[in-house]
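Listed below, chain by chain, are the residues.
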Amino acid sequence: MKKWIVFVLAAVMVFACAGAASAATMDDLDCTGWWTAHTPGVEITEGGVEITFTNTTYDSAENNWNGPLWVLYTGSTTVNGEGYAEYWVQRGDNWGWTGNALDNDTETSINTSDPDGLAAMGVTYACSWETEDYLGTLKTGCDGKITASRSGDTVTVTMSIADVTTTVSVPVATGEAAYLSLTGELTTLTNITYETQTTEEPETDPTEQTEEPTTEATEAPTTEATETPTTEATEAASTTVTLDDVDCTGWWAAHSSGIEITTEGVKITFTNTTYESAENLWNGPLWVLFSADEPVVNGSGYYEYWVQRGDNYGWTGEWANFINTAENLDEIEALGISYSTTWGNDDYLATLKSGCTVTITAIREGDNVTITMSLAGESSTVTIPVTSDTVYLAVSGELTTLTNISYTSMADTSPKDGDEMNLILPVILMASAAAMIVVVKKYAVR
């Protein structure tokens, strides 16, 4: 059996969005050991699916991998059934690996400690690892959520549980169905429900917002899939830089200093507190990706690539006539941009007013920058092609204050020794426009 040593990657949250939904429930699952029980497979389509469940890990469990996981596969709807071939297995903590449907080698599986190997296979992977008591949280019982959607020959799956989120985009065979099944180890999965989605056009005409950013550029798939990891994941020290608070009294009224986005990647955190007088979902934080002679929004040489609000709405800069996420997704895709978001928090504005933590991760790979923002139970991820040698990200907002702003280079982590190998490698977030999805749910617009 192969169970791989835990590897920590960078944080990112991607969510599936959709229109009309059809809900169903599944029987509880008692995973008494490795690969002992699975849910029926759910086909992943362009409309997408959202799966929720409650995980309760056995009190006797001792390892981070004693929890939930999902498997993406083709063949029959049943794991290990006739024609079964495995694309990917992903644990809840931060460890995943390819199956034989992807690597075509029953003796070799590429896992998340080999990002170059995954990239060569067309897989993108990102993971957050922030919790020191992950296993303890699993034992107390916690809710898990999986969103999955197919775009052409790529399936993107995000799992969130115990403050850990993983997102993986996996190439799948043309014309063949791809299924997702839940399982685990030394854990019970209860309250399992899923909603299949159908894509729909937005019900409203989101035209007003686009006028505002006109500022000066405003292994084999068998029961022995893995080996037991030898230790639990740990975190390394990093260097943190703080920025001044930003009071956003109106649209485009104030911005943070620009933070350069490089191949090392950066993680930005801050607290958003929206004004009590605010009435709209866009009264909250946003970020802007730009190039300029200096890291200043609207400064000399300013050129805007993308603006993204915290709710679920973003748009290109003037270079692409301010095309937005609610109007023409085909045009966005034609520009080489990939965009995904989830939307489901009915108390989003109230959460913003009460004060909430915002996390942004950003990394450059070649001529693409991938940015994920997470706050108030929602997230958005966008991958944008850039032409400038140097690009910056600044945070802003409207009728809100941004405090405790800090950022850390993802490359500031250093390896630590485990029982068999260094457990933590430099954090890498891989993303490419070709491997992401563009899906639509409901839009918060002016």
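Residues numbered from 1 in each chain as written. Predicted model: local features only at pLDDT ≥ 70, side-chain atom pairs only at ≥ 80, totals over all residues. Heavy atoms only, no water.

Enquirer: Tell me about the overall build of the protein chain, and name the residues and values.
Expert: A count of helical and extended segments in the protein chain gives 5 helices and 26 strands. Across the 446 residues of the protein chain, 57% fall into the buried class. In the form shown here, the protein chain has an accessible surface area of approximately 16700 Å², with 44% of it arising from carbon and sulfur atoms. (Helix = DSSP H or I, 4+ residues; strand = E, 2+ residues; numbered from the N terminus. Buried < 20%, exposed > 50% of the residue type's maximum accessible area, 1.4 Å probe, protein only. Areas by Shrake-Rupley, 256 points an atom, 1.4 Å probe, with all protein chains shown as cover.)

Enquirer: Can you explain the sheet that holds strand β6 (residues 85-91)? Please cite residues and give values.
Expert: As a general point, the strands of a sheet are linked pairwise by backbone hydrogen bonds and lie either parallel or antiparallel. As summarised here, the arrangement of the 5 strands in space is β3-β12-β5-β6-β7, forming an open sheet in which the pairing is antiparallel. Looking at the sheet topology across the chains shown, the edges are occupied by β3 (42-43) and β7 (96-98). Note that strand β5 (residues 68-74) and β6 share 6 bridges and pair antiparallel. Bridge pairing in β6 places Trp70 opposite Gln90. (Pairing = 2+ DSSP bridges.)

Enquirer: Run through the sheet that holds strand β19 (residues 303-309), naming residues and quoting values.
Expert: Pairing is antiparallel across the open sheet formed by 5 strands, whose spatial order is β16-β25-β18-β19-β20. Each edge of the open sheet is held by one strand with a lone partner, namely β16 (259-260) and β20 (314-316). Relative to strand β25 (residues 392-397), strand β18 (residues 285-291) runs antiparallel, the two sharing 6 bridges. Bridge pairing in β25 links Val288 to Ala394.

Enquirer: Report on the pairing of strand β12 (residues 179-184), specifying residues and quantitative values.
Expert: Within β12, 6 of the 6 residues are buried, which leaves the element mostly enclosed by the surrounding structure. The two faces of β12 match: Tyr179, Ser181 and Thr183 on one face and Leu180, Leu182 and Gly184 on the other face are all buried. Here 2 bridges tie β3 to β12, and the two strands are oriented antiparallel to one another. Note that in β12 the partner of Glu43 across the bridge is Tyr179. Inspection of the sheet shows β5 paired to β12 by 6 bridges, in the antiparallel sense. Bridge pairing links Trp70 to Leu182 in β12.

Enquirer: Any chance you could break down the environment of Gly41 for me, citing the residues and the numbers?
Expert: Its location among the elements puts Gly41 in the loop between β2 (29-31) and β3. Residue Gly41 is classed as buried on the basis of its relative accessible area of 18%. Not counting residues within four places of it along the chain, the set of residues in contact with Gly41 comprises Tyr73, Thr77, Tyr179, Leu180 and Ser181. (Contact = heavy atoms within 4.5 Å.)

Enquirer: Account for the environment of Asn111, naming residues and giving values.
Expert: Assignment of secondary structure puts Asn111 in the loop between α1 (100-103) and α2 (115-120). Separated by 12 residues in sequence, Asn111 and Gly99 have C-alpha atoms that sit 9.6 Å apart.

Enquirer: Tell me about the confidence of the model for the protein chain, and name the residues and values.
Expert: Mean pLDDT over the protein chain works out to 79, with 76% of the residues at or above the 70 mark. At the low end of the mean pLDDT range in the protein chain sits strand β1 (residues 21-25), at 73; at the high end sits β25, at 98. The low-confidence segment residues 1-20 (pLDDT under 50) makes 131 contacts with residues lying over four places distant or belonging to another chain. Across residues 413-446 the pLDDT falls below 50, and counting only partners more than four positions away or on other chains, this stretch makes 138 contacts in the model. (pLDDT = per-residue confidence, 0-100.)

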